Structure formats: C-alpha cells, structure tokens
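Structural overview for review
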Amino acid sequence: MFNRDTWQEIWMTIKQHKLRTFLTVLGVFWGVFMLIFMLGMGSGLENAVFRDFGNRATNIMYVWSSSTSLPYQGYQPGRFPRLNFDDLEAIKQQVKGVGFIAPRTRLDAKVVHGETAETYEIRGELSQMIKVEALKVYHGRYISDLDNDESRKVAVLGTRTAEVLFGRNVGEAIGQYVTINGAEFLVVGIFGPRVIKPWTEDDQEAVVIPLTTMHRTFGMDGRVHYFAVSAQEGYRIAQIEPQVRSLLKARHHVAPNDPRGIGGFNLEAEFQQVRGLFDGISAFLWIVGIGTLLAGIVGVSNIMLIVVKERTKEIGIRKAIGATPASIISSILTESIFITAVSGYLGLLAGVLVIGGINLLMEQASVDSQMFYNPEVNLGIAIGAMVLLTIAGTVAGLIPAMMAARVNPVVALKDE
Amino acid sequence: MIALRDIRKAYSTEFTRLEVLKGIELTIEDGEYVSIMGSSGSGKSTLLNILGILDDYDSGTYHLDNTLISKDLSQKEAAYYRNRFIGFVFQSFNLLNFKTAQENVALPLYYQKISRKERSDLAMHHLEQVGLAEWATHFPNQLSGGQQQRVAIARALATNPKVILADEPTGALDSKTSHEVMEIFDRVNAEGKTLILVTHEMDIAHRTKRIIHIKDGLILKDGV
C-alpha cells in the first residue's frame, strides 16, 4: 500500500485533474478549518469567562454576618451578630471536611510615610487569603503564620498604595516603615490583583497586616468581618456551607429559619452552571463543525466516484494484466485517505494559525475584552480531528473502491 | 498448451437466452501460431475472453498448461493466472497514457511484486526486443499507432507468459505498420512463444500457421 508506485500513481491522477482535486481539497480544508476555528473561538469565550473567576479556588465559600430579620431566643430582629476568632475554632472542630479558614477584618485608617498621608483599607488576615482570592505577591512576601503568632507589626502594601507612598519603584518600599493610625509597621511585601479590573481596584489600594496585630493594636477584640472556608479534597463546599451557617446561627442566637443574620456564598454552584453552559456551547460547535466536515467528506466521496468512472478503462487494463481486486481497492482508498488527510491537515494548520494569530494580535495590541481572551486549540482536539479525518477518508473512499473492484475488464475494454 | 473440451457459454437477459459458444473443442500445442477468424457475432471474442480468463464459461473444461482453469475462479485467482500465464495485445493498444513506454511495459511485473529496479531493467530489455529502446521515456501519445502497439506487445511479453492473446492487433493500423507489427509477432513465435490472434483480415490470418474459423459458436474449419 505504501510503496513508491502507489504514490506515484496518486500523484499522476492529482496532477491530471488539478482543478477537480483543488475543489475537493477545498471542501475538506474548509470543513476542518471551520471546526478548528469555531472550537478555538469557543475556547476564547470560555477562557474570558473563566478568567473572571480569576483563578479563584472554586471549592471556597464566604461567610459574613448581617442584621437579623426574625426575633429569636428573646432577641429582637435587626440585631447585628458579630463574628469572632472563636467561631473559626468552632467551625474547624465541628464541621467535617473543612480545609483552612481565611478570615479578614477591615478598618479604614490613615497610612503615613514621610510627607505623604492617605486613608486606605487596612485588612487584618491570617496567611491563607492569598490562596483564596485572585491575588499575587509582586515583591517580598505575604503575611505568614509566624507574623500572627508573634503579632508582628508588619505590613504588605497594595501596589497602588506602595506607588503613592514610595514612588514608582515599589520594590524599594520593602524594609521601610509606614505609620498606620500612629503605629509603625515594617513593609515586608507588595501584593496586588492578578488581573486589573474595575472591581479589583480595592485590592490595589489595600494594606494587609497580621490579624492578631490588628486586634491588639487597634482594639478590635477578636473581631472578624468575614471569612473564607475551603473544602478538603473529597468534600464539596456546597455540602459544607449549610453546616457552617447553621453552626454560626446557633452560636450567635440567630433563628435557624432566618434567611438573614449569617450570610454565605459559594462559587461552586455558579461555577458548575457556567461550566455546563460552555459544555453545551462546545457540543454545539462540534456538531456544526462535524456537519461542515461531513459535507467536505461527501464531496471527496463524490469525486472519487467520478475518478473511478473515468478510470474504468484503466482499471480494466490493470485487471487484464493481473491486478487483484485488493490492489485496486487499496489504491483507491489510499488516494482518498491521502486527499482527505492532506487537505484536512492544511485546514487544521490554517485553523491553528488563524487562532494563534488572533491571540497574538490581541496580546500585541493589548486588546482586553471581557468577552474574549486567549483563544486556543488544544492538542486533544487537533489529534481527534486528524483521527476523524482518516476515518472519514476511508469511509469516503470505500464505496468508490468497491465499485472499482467490481469493474468487469471485458466490459471496460470493449472498444467503443 | 491449451485444451478446450465442450466449452459452452450463453448470455441470458430477463427475456432471452443467447448461446454464444455451443461446444468448442480445441487443442493448441506449445509454440503454435494460430489465428481465429469469424464474422462479428460468431463468438470469437467470447472465446478469446474465455481463453484470456477475462470471462467465465458455463460448462466444459479448460486446461491451460495442464492447469485446470475452473469456471468459477475467484477474482483473485483469475488475476493471478492472467498475470502469470497470459499476455494480452488489444486492438486499441490499451496503454496507460500517464505512464511512459517503459513504465507501461513494467506494469504487469509490478503485480508480481518484482522490485522496481528489476522491473525497469526487464521492461527495457523487452522494449529493445521490439526496437523501441530509445522511446522508453516517451508517453503513449508521443508515439505512433504502430509504436504503441509494439509497446503493448513488449508489455505482453514482459512476464514471459505461456501464451500471447491478440485481439485484432492490426485493426487500428494501416497496412505498413500492420506489417511491422506482424513481423514482430512472427519473430516472437519463431522464438517459441504460443500466439493466438483474433482477426478478420485474411492476409493477417494467412501469416499464421493455423487458421480456425468460427461461425455461430462452433468451429467451422480448422487448418491452414
């Protein structure tokens, strides 16, 4: 099947019918190109949406408190439960499957360095919040457990805060001191959001200090404004959320059926919903793409039928001088697979190049669309498309090849 | 070499049944030079197709070189016997237009899975035999009718078959080139190859050593 003569013959047929071959190639090329292009664009939409999840951990829930709406145990509605440090311990001990808990307490305070004084949001945290939210450390380090254990007076500045206080070279801020509400803090790191969006500006302007330091220095008395809870491997956050909430309701005398009082939110449900949406879109794109491809394949099959018809006499001659049906079938099939594979590969290549080109242009022109980001063709899809093509080429060639094998040399060689 | 015993062949359609061969008895010895003559519809082409294993027969027996050519061979077996035992020469040459003279001659050897190098050497040798060595790289449409037929003869000889079957080999040629082609046939036979020609031209038939006349599916006359 794969000897030089077969290829030479395929090449001759192709050369003899350039236009016809070109049109066939175009059909399959276009089919594969559209499939790859659509899937690539689909991935662009998908990546844009999932980027807004901002690489957040999705096995995370947030818990906060709000004013109650029902009277309970003698308490009036409208009371504002105060979450505190002890709640965290209680959750860790009583709820199964809890990974870590990352609390945050907030306070607006005046931050001073040299001549500059600005009011910023001060966040008291343990070490884990950086793992939960789409944040990253640009210079130095983040708050550590040791900082909290020893209630050190250290601070991690948001990028913009650092710029305002220390100028453009924010790295130089590390090792210097800032004054927060009169207390001196050593700057140990610079952090900021991973992507800059209107809703991540808060993160750029925040100042993070150890939670224990905040409690002691600013007299917040164990206060926690809200916290994130992660689920351990093998646990689903959607199952943990109601347990955490009911535990907190019991601890803070909130009616179990009160929709307010203790607020909670987990990303998992939303994440699953969006995931499902994109699985749907992707399935749709595959169907449309394969449909287009199928049209191309039918084209190849058609052309191969014409090829066999045209070459009836040639096939007759070959049979007369000793060609077996198997050798005829194999040559037609090889030709069919060859045409589909080459044109399909070109389509694949063009699709990948166009998608890559769009990606590159967007990066170079710094186009930052909320709807479209980093379109890509993954290797699995590319390999899948190639396998599909080979199968398609075989199927396309099968009927023509069987027809060729049935050519009767007596009839084929009859002189008109 | 060839022994036909009571060969019968009929073509049936839904309404009619046409008996083409009605019991052919024929023996052809090794090295004979035979022509088969008959008017159109006499059954001579059918006979040639059966001899060439291109067509099957309904009843009787056909031995070729002491091998029974069964009436229900598979396509694969038929292809094998055609390739090993028989060389065809056709009225309209039937060369492949996109192959050079040499490649055309080499084609039957390709189906014997002979190596590329050996094939082209053998093909060249047979082209020399028919005096076309310097035309080896030409395509059929660059050759005259007589030259094309000589290439076809070289192709028929390439596999060193038991018998050469020629169906009106001079039918498409003028008398001068017909003469050239017949000279090659004469020489091939002189070298000991069995040759069977179908023709309706008396002067061509008379160059052979035995003439078989066929009429209405039966051998009418057999001899010179």
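Rules used in this analysis
- Residues numbered from 1 in each chain as written.
- Chains lettered and ligands numbered in written order.
- Predicted model: local features only at pLDDT ≥ 70, side-chain atom pairs only at ≥ 80, totals over all residues.
- Heavy atoms only, no water.
- 1 Å grid on protein atoms, 1.4 Å probe; cavity = no way out; pocket = protein on both sides within 12 Å on 5 of 7 lines; lining within 4 Å.
- Points joined across faces, edges and corners; volume = space filled by probe spheres on them.
- Helix = DSSP H or I, 4+ residues; strand = E, 2+ residues; numbered from the N terminus.
- Nonpolar A, V, L, I, M, F, W, Y, C, P; charged D, E, K, R; others polar.
- Buried < 20%, exposed > 50% of the residue type's maximum accessible area, 1.4 Å probe, protein only.
- Contact = heavy atoms within 4.5 Å.
- Buried area = accessible area lost by both parts, 1.4 Å probe.
- Salt bridge = Lys/Arg side-chain N within 4 Å of Asp/Glu carboxyl O.
- Polar contact = N/O pair within 3.5 Å; in protein donor to acceptor, adjacent residues only side chain to side chain.
- Core = buried A, V, L, I, M, F, W, Y, C linked by side-chain atoms within 4.5 Å.
- Pairing = 2+ DSSP bridges.
- Axes fitted to C-alpha atoms, helices over the stretch in contact; angles between N-to-C directions.
- Left-handed = near helix turned anticlockwise from the far one by under 90°.
- Parallel < 35°, antiparallel > 145°, perpendicular 65-115°, else oblique.

Considering empty space enclosed by the protein
Within the structure shown, the criterion is met by four cavities of 30 Å³ or more. In this structure, the largest cavity occupies an estimated 70 Å³ of space. Secondary structure elements with two or more residues in the lining of the largest cavity: α2 (75–85), β6 (86–89) and α5 (145–158) of chain B. Ranked by residue count, the leading element in the lining of the largest cavity is β6(B), at three residues. A per-class count over the lining of the largest cavity returns six nonpolar, three polar and two charged. For the second largest cavity, the calculated volume is near 40 Å³. Looking at the second largest cavity, the residues that line it are Thr13(A), Ile14(A), Arg20(A), Thr21(A), Ile303(A), Val307(A), Glu335(A) and Ile339(A). A per-class count over the lining of the second largest cavity returns four nonpolar, two polar and two charged.

Thoughts on helix α1 (residues 44–51) of chain B
For an α-helix, 3.6 residues make a turn, and residues three or four places apart therefore share a direction. Residue and element names in this part refer to chain B. α1 sits mainly inside the fold: seven of its eight residues count as buried. Lys44, Thr46, Leu47, Leu48, Asn49, Ile50 and Leu51 are the residues of α1 that are buried. At the C-terminal side of α1, Ile53 shows a positive phi close to 55°.

Observations regarding α2(B)
Listed as buried for α2(B) are Ala78(B), Ala79(B), Tyr81(B), Arg82(B), Asn83(B) and Phe85(B). As for α2(B), its buried residues are in contact with α11 (312–320) of chain A together with β4 (59–64), β5 (67–68), β6, α3 (101–110) and β7 (163–167) of chain B.

A short note on the layout of surface pockets
When its volume is computed, the largest pocket comes out at roughly 680 Å³. Along the wall of the largest pocket there are 32 residues; nearest its centre are Lys414(A), Ser45(B), Thr46(B), Asn49(B) and Asp167(B). Those elements giving two or more residues to the lining of the largest pocket turn out to be α14 (409–412) of chain A together with β2 (17–28), α1, β6 and β7 of chain B. Tallied by class, the residues present in the lining of the largest pocket amount to 14 nonpolar, 11 polar and seven charged. In terms of lining residues, the second largest pocket is bounded by 26 residues, among which Thr324(A), Ser327(A), Tyr110(B), Tyr111(B) and Lys113(B) are the most central. Of all the elements in the fold, those that place two or more residues in the lining of the second largest pocket are α1 (4–16), α11 and α12 (325–364) of chain A together with α2 of chain B.

What about the interface of chain A and chain B?
Accessible area lost upon the coming together of the parts is a frequently used measure of interface size. On the chain B side, the residues contacting the 26 residues of chain A number 25 residues. Summed over both sides, the interface between chain A and chain B buries roughly 2300 Å², with carbon and sulfur atoms accounting for 56% of that surface. Taken together, the links from chain A to chain B amount to zero salt bridges. Counting every contact that joins chain A to chain B gives five residue pairs in polar contact (both at pLDDT 80 or more). The residue makeup of the side of chain A that touches chain B, split by class, is 10 nonpolar, eight polar and eight charged.

What about the nonpolar core?
Formed by 71 residues in total, the largest nonpolar core has its most connected members in Ile2(B), Leu4(B), Leu51(B), Tyr62(B), Leu64(B) and Ile196(B). Per-element tally for this core: the top contributor is helix α13 (residues 379–405) of chain A, with eight residues. Non-local contacts of Leu51(B), meaning those with residues more than four positions away in its chain, are made with Ile2(B), Leu4(B), Ile36(B), Tyr62(B), Ile86(B), Leu165(B) and Ile196(B).

A word on the side chain of Ser178(B)
Relative to the assigned elements, Ser178(B) resides in helix α6 (residues 175–190). Apart from residues no more than four positions distant in its own chain, Ser178(B) is found in contact with Thr170(B) and Leu173(B).

A closer look at the sheet that holds strand β9 (residues 210–215) of chain B
Residues and elements named next belong to chain B. In space, the six strands of this open sheet follow the order β6-β7-β8-β3-β9-β10, with mixed pairing throughout. The sheet terminates laterally at β6 and β10 (218–223), the two strands that pair on one side only. Neighbour-to-neighbour, the strand axes of the sheet open up by a mean angle of 20°, direction not taken into account. Packed on one face of the sheet, α5 meets β6 and β7 and runs near 170° to β6.

Overview of the packing of α1(A) against α12(A)
The angle between the axes and the distance between the axes are what describe a pair of packed helices. All names here are of chain A. Where α1 contacts α12, the two axes come as close as 10 Å, and the packing angle between them is 65°. The crossing of α1 and α12 is right-handed. Across from Thr6, Trp7, Ile10, Thr13 and Ile14 in α1, the residues of α12 making contact are Ser331, Thr334, Glu335, Phe338 and Ile339. For the contact of α1 with α12, the class distribution of residues is five nonpolar, four polar and one charged.

Focus on the packing of α3(B) against α5(B)
All names here are of chain B. Interhelical geometry of α3 versus α5 gives an angle of 25° and a closest axis separation of 8 Å. Classified by the angle between their axes, α3 and α5 sit roughly parallel to one another. Remark: the crossing between α3 and α5 carries right-handed chirality. Packed against α3, whose contacting residues are Ala101, Asn104, Val105, Pro108 and Leu109, the element α5 presents Val151, Ala154, Arg155 and Ala158 at the interface. In terms of residue class, the contact of α3 with α5 is made up of seven nonpolar, one polar and one charged.

Looking at the pairing of β2(B)
Residues and elements named next belong to chain B. Sheet analysis places strand β1 (residues 2–12) next to β2, joined by nine bridges and oriented antiparallel. Each residue of the ladder has a partner; that of Tyr11, found in β2, is Leu18. From the end of β1 to the start of β2, which pair antiparallel, there are four residues.

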